[in-house]
Amino acid sequence: MAHNLSTRDRLLSVIDDIEIISKEIIENLMAPKHQKTHDYLQLVDLLVLKDNELKQLLKLAAEQEKIYEKINALKEQVGKYDNEINQLQKHLKEAEQILSTAIFQAKQKLASIAKANENPVQSEELIKYAYRISASHAISAPNTWQQGDLRRPYPTDFETRQGFLGKTDLNMNGHGHNLQSQTSINDINRSNNSTVDSQAIPASATNQFSWFPSGELHMMSGHQSISLETNRSHKDASQDDASSDSSSSSSSDSQ
Amino acid sequence: MNTTEENIPQIDVISVLSEIIRKFERYNSAVETKNIESQEVAQKVLELQKRLDEARLQVKAIPGIDQSKSQQLEHLENLKKQLILKQELINKYKKISF
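Residues numbered from 1 in each chain as written. Chains lettered and ligands numbered in written order. Predicted model: local features only at pLDDT ≥ 70, side-chain atom pairs only at ≥ 80, totals over all residues. Heavy atoms only, no water.

### Considering the overall build of chain B
- A tally of helices and strands in chain B yields four helices and zero strands.
- Here chain B, with 98 residues, has 31% of them falling under the buried criterion.
- For chain B, the accessible area works out to roughly 6700 Å², and carbon and sulfur atoms hold 52% of it. (Helix = DSSP H or I, 4+ residues; strand = E, 2+ residues; numbered from the N terminus. Buried < 20%, exposed > 50% of the residue type's maximum accessible area, 1.4 Å probe, protein only. Areas by Shrake-Rupley, 256 points an atom, 1.4 Å probe, with all protein chains shown as cover.)

### Notes on the pattern of salt bridges
- Enumeration over the complete set of coordinates arrives at 17 salt bridges over all chains.
- Salt-bridge contacts for Lys69 of chain B lead to Glu63 of chain A; the nearest nitrogen and oxygen are separated by 2.6 Å. One end of the pair, Lys69 of chain B, is in helix α4 (residues 69-95); the other, Glu63 of chain A, is in helix α2 (residues 40-118), on a second chain.
- We classify Glu63 of chain A as partly exposed; its relative accessible area is 37%.
- Among the ionic pairs, Arg56 of chain B bridges to Asp53 of chain B, the shortest N-O distance being 3.2 Å. Of this pair, Arg56 of chain B and Asp53 of chain B both sit in helix α3 (residues 34-61), three residues apart, which is roughly one turn of that helix.
- When salt bridges with common partners are traced through the structure, they connect Asp16, Glu19 and Lys23 of chain A together with Asp53 and Arg56 of chain B into a single cluster. (Salt bridge = Lys/Arg side-chain N within 4 Å of Asp/Glu carboxyl O.)

### Some details on the confidence of the model for chain B
Residue and element names in this part refer to chain B.
- Per-residue confidence for chain B gives a mean pLDDT of 86; residues scoring 70 or more make up 92%.
- Across chain B, the element-wise mean pLDDT spans from 55 in helix α1 (residues 2-7) up to 93 in α4.
- For this predicted complex, the interface score ipTM comes out at 0.86, alongside a pTM of 0.56. (pLDDT = per-residue confidence, 0-100.)

### Some points on the environment of Leu60 of chain A
- For Leu60 of chain A, the location among the structural elements is in helix α2.
- With a relative accessible area of 17%, Leu60 of chain A lands in the buried category.
- For the pair formed by Leu60 of chain A and Thr7 of chain A, sequence separation is 53 residues and the distance between their alpha carbons is 7.9 Å.
- In this view, Leu60 of chain A contacts Thr7 and Arg10 of chain A together with Lys69 of chain B; residues no more than four positions away in its chain are not counted. (Contact = heavy atoms within 4.5 Å.)

### Notes on the side chain of Thr168 of chain A
All names here are of chain A.
- Checked against the element boundaries, Thr168 lands in the loop between α4 (157-162) and α5 (169-172).
- Classification of Thr168 by relative accessible area gives buried; the value is 18%.
- Among the polar contacts made by the side chain of Thr168, one reaches the main-chain carbonyl oxygen of Leu165 at a distance of 3.0 Å. (Polar contact = N/O pair within 3.5 Å; in protein donor to acceptor, adjacent residues only side chain to side chain.)

### Points about the interface of chain A and chain B
- If you look at the interface, chain A gives 46 residues, while chain B gives 45 residues.
- Both sides together, the interface formed by chain A and chain B hides about 4500 Å², and carbon and sulfur atoms give 72% of it.
- Broken down residue by residue, the surface that chain A buries against chain B is led by Arg8, Glu65 and Tyr81 of chain A, which jointly contribute 15%.
- The tally of links between chain A and chain B comes to six salt bridges.
- At the junction of chain A with chain B, the criterion picks out 15 residue pairs in polar contact (both at pLDDT 80 or more).
- Of all the elements in the fold, those that place two or more residues in the side of chain A that touches chain B are α1 (7-30) and α2 of chain A. (Buried area = accessible area lost by both parts, 1.4 Å probe.)

### Points about the environment of Lys44 of chain B
All names here are of chain B.
- You can see Lys44 is positioned in helix α3.
- What makes Lys44 buried here is its relative accessible area of 14%.
- Sequence separation between Lys44 and Val16 is 28 residues, and the spatial gap between their C-alpha atoms is 7.1 Å.
- Leaving out residues up to four positions away in the same chain, Lys44 has contacts with Val16, Glu19, Ile20 and Lys23.

### With respect to the packing of aromatic side chains
Residue and element names in this part refer to chain B.
- Under the counting rule described, the total for this entry stands at one aromatic pair over all chains.
- Arranged with centres 5.7 Å apart and planes meeting at 35 degrees, the rings of Phe24 and Tyr27 form a pair that is tilted. Of this pair, Phe24 and Tyr27 both sit in helix α2 (residues 14-29), three residues apart, which is roughly one turn of that helix.
- Exposure remark for Tyr27: the relative accessible area of 23% places this residue in the partly exposed category.
- Cation over ring: Lys34 sits above Tyr27, and NZ or CZ is 5.1 Å from the ring centre. (Phe/Tyr/Trp six-rings, centres within 6.5 Å; stacked < 30°, edge-to-face > 60°. Lys NZ or Arg CZ within 6 Å of the ring centre and 35° of its normal.)

### Focus: the nonpolar core
- In terms of nonpolar packing, the biggest core is built from 28 residues, with Leu11, Ile15, Ile18 and Leu54 of chain A together with Ile11, Leu17 and Leu48 of chain B touching the most fellow members.
- Where this core is concerned, the elements lending two or more residues are α1 and α2 of chain A together with α2 and α3 of chain B. (Core = buried A, V, L, I, M, F, W, Y, C linked by side-chain atoms within 4.5 Å.)

### Thoughts on the packing of α1 of chain A against α3 of chain B
- Axis separation between α1 of chain A and α3 of chain B bottoms out at 9 Å; the angle between their running directions is 170 degrees. The angle between α1 of chain A and α3 of chain B falls in the class roughly antiparallel. Within the contact between the two elements, α1 of chain A uses Arg8, Leu11, Leu12, Ile15, Asp16, Ile18, Glu19, Ser22, Lys23, Ile26 and Met30 of chain A and α3 of chain B uses Val41, Val45, Leu48, Gln49, Leu52, Ala55, Arg56, Val59 and Lys60 of chain B. (Axes fitted to C-alpha atoms, helices over the stretch in contact; angles between N-to-C directions. Parallel < 35°, antiparallel > 145°, perpendicular 65-115°, else oblique.)

Written out as structure tokens, the structure reads:
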């Protein structure tokens, strides 16, 4: 059990013992004669023993102090090694992450290559297709497009009227004058892209049907003009404020 | 090294005790100077007490005696082993090639 006590505890207990013994001696010295005991020799011997023990413990303490300094130096070195190990582990971890990301992406690319190889397409076909879909400015705006420009990636109402459908017999009746005056403006806008030749308007006979600018279809009956119900009149209310920038481009009368 | 030896206090109680005994003898044998002698004895007793207290403080201040010597040596050995293992680990990490 004494081996597990720290040297400090042993030293302190020896000092306590010495104190007790010396107090005993002094009390014995000062006590009146009839109370004196004759254990002086024993007490003194004990004191000398304890003093020797104290000296030995102090030597041990000196040795332990040296060992303590060595331990501190080793602890410092261990701390440095710990730091180095942590750094290396961090680097390894980062490298592993980067590598695993790269492998994942490489696998994805290999899969898409395999998929592409299953259905090969000629590069010329792809280029032609690209030209076709970008010809009408439906993919991106023309370079000169600004906010407020009326051009849209889909055929607008105005352009449709300028086109073949707008120039048929159905529409010529009563509105030919208006339409022809706007043809020149339309030409400037659509010079590159128009597939409909707005000059080639078929000669129209007098017609019973006519379109009004508001979009309603009227039928002449005798001398009266009766408005016909079309799907358009239902849709108008919901699509009037349709954002002209959105690309719900499938219907021609989305305005 | 020198500082280590200076840190270890030299605790000398016996000399004070023997002085106390001598003074007391003088006190006993003195007739005229009993007061002076008794004062001296009392002083010496106080000095003894002071020496003991100082000794305790000095012992508490000595570093590195929290463990017994065997425990300390074990601790030292463990640290040395740790150092070797960590050095090996670092070398291993540095030598990894993919």
